[in-house]
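# Per-entry structural report
Chain by chain, the residues:
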Amino acid sequence: APLCLAVTELHRVGVAHGGIRASSVHFDDRGAPVLTSFGGAELFGPQPVAPQTASVTPAQLAKEKSVANDLDALTTLCIATLHPGSDVARWLATPRERESHIFAAELADRIFRLSAAAPVHFGAPSWGAASALIPLRLNDAATDRHTGAQETTGLSAGDPLDGPSGRVRATAEAAERFSVIMHMPEALVSSVFEWCSAVAERGPVSMAVRRAKDALRPVRKQVWIFAGLVAACVVAVVAMMPPGSGGGAGQAEPRALISPAPTPFSSAELSAITGDDPLTAASALLDARDECIEALSILCLDSVDQHGSAAMEADAVQVRLMQEGGVAYGSQTFPSTVLTGSTTVRQLAIVERLGDSVLLSISVGEEDAAGAALSLLLIKLEEGWRIRDLTPMVHTTY
């Protein structure tokens, strides 16, 4: 009945639950049902809604498919829970024209008239005020399992909790509560009861030793003999090895196969790279780019070029070409160090700046700004300025 009232209130404020089923119903520590699992809920009416008013009209509510699905699911849940011979079960099974805006409330009234309201008990000790919610089970499996555990262990409700049988009973009750929460299968629940009872009776250490003995008992004696001989041979070989043969302080350190990447920036250049002036940052980045390419270090370029940019890809190709014995190149798509090297007269000018992106022109040699040869695109990241692109400038003559 409280679930029916909850569904009525949800529909009044324009909310459809969308997942009413047994697993969506839980019980709090007072034994009162609670509707959960609102992950599939839908809003079909305007919010917020004032008290004693509805989000939509009864005609609009009757047209909502999500509302009809809620009422169908609520009907299925009530039929599965109520006694088949009850007046409410017969009323639900009778074909009729259902009015969406009053059906759930009328169903609650009919259920309340069956008997006086009472909390739901699970046959387990109280868990305290801060206990977790207990999920609904549509059969009496929980009660049957609890009774079966008492019959298996030979316990009764009057056994003292401080004795051996009382510890077994307390362990079985704890396992029962856990199985109810986790919706465990019947076969698994029986195994858990068996194992918990054995642990409570014999202790965890003796239980582990017994399980190990049971697992190793099928192993043949010949296998144990062979394993012992292998272990003895290993110990003998280790004992006969000369001192120091396994490596020690006197052994020479292996030669490094990869030379460390050069540090591309001095302290002054690092300040320029992380500063706000793109001109000084561009000059430092171009000098560092030349050093990285001359050192044949792609790792060094990580501090110069933006990761994944056209500049990083082109510079990496150039370094790999030089590592394989090729020469530095200067193609039309990306310039080489011949055009940007520190030995060349180089003039930088800002063409345009947009936020953390700056487009600069590079004049090479004695050319003025009108004859600039290169276009440099910088972008400022959290770690400082980086080269994003470096391409020849295209001049158009009118």
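Look above for the structure.
This write-up is about the structure you can find in this document.

Cut-off values and rules
- Residues numbered from 1 in each chain as written.
- Predicted model: local features only at pLDDT ≥ 70, side-chain atom pairs only at ≥ 80, totals over all residues.
- Heavy atoms only, no water.
- Salt bridge = Lys/Arg side-chain N within 4 Å of Asp/Glu carboxyl O.
- Helix = DSSP H or I, 4+ residues; strand = E, 2+ residues; numbered from the N terminus.
- Buried < 20%, exposed > 50% of the residue type's maximum accessible area, 1.4 Å probe, protein only.
- Pairing = 2+ DSSP bridges.
- Contact = heavy atoms within 4.5 Å.

## Some points on the pattern of salt bridges
Per the counting criterion, the structure on display carries seven salt bridges. Two residues, Arg12 and Glu9, come together in a salt bridge whose shortest N-O distance is 2.7 Å. Note that Arg12 and Glu9 are positioned in helix H1 (residues 2–12) at a spacing of three residues, about one turn of the helix. Arg12 sits in the partly exposed class, given a relative accessible area of 22%. Notably, a salt bridge pairs Asp87 with Arg90, separated by 2.3 Å at the nearest N-O pair.

## Concerning the pairing of strand E8 (residues 374–381)
For E8 and strand E9 (residues 384–392), the ladder comprises eight bridges, and the chain directions are antiparallel. For Leu381, the partnering residue across the bridge sits in E9 and is Gly384. Hairpin remark: E8 followed by E9, antiparallel, with two residues in the connecting loop.

## Here's the deal with the side chain of Ser66
Looking at the secondary structure, you find Ser66 in helix H3 (residues 65–81). By relative accessible area, Ser66 is classed as buried at 11%. When near neighbours in sequence (up to four residues on either side) are disregarded, Ser66 contacts Ala16, Glu42 and Phe44.

## What about unusual backbone geometry?
Cis geometry is adopted by the peptide bond preceding Pro48, which originates at Gln47 and carries an omega value of -5°. Tracing the sequence through the fold places Pro48 in the loop between strand E4 (42–43) and helix H2 (58–63). Although it is not a glycine, Gln52 adopts a positive phi angle of roughly 65°. Mapped onto the elements, Gln52 comes out in the loop between E4 and H2. Residue classification places Gln52 among the exposed positions, given a relative accessible area of 79%.

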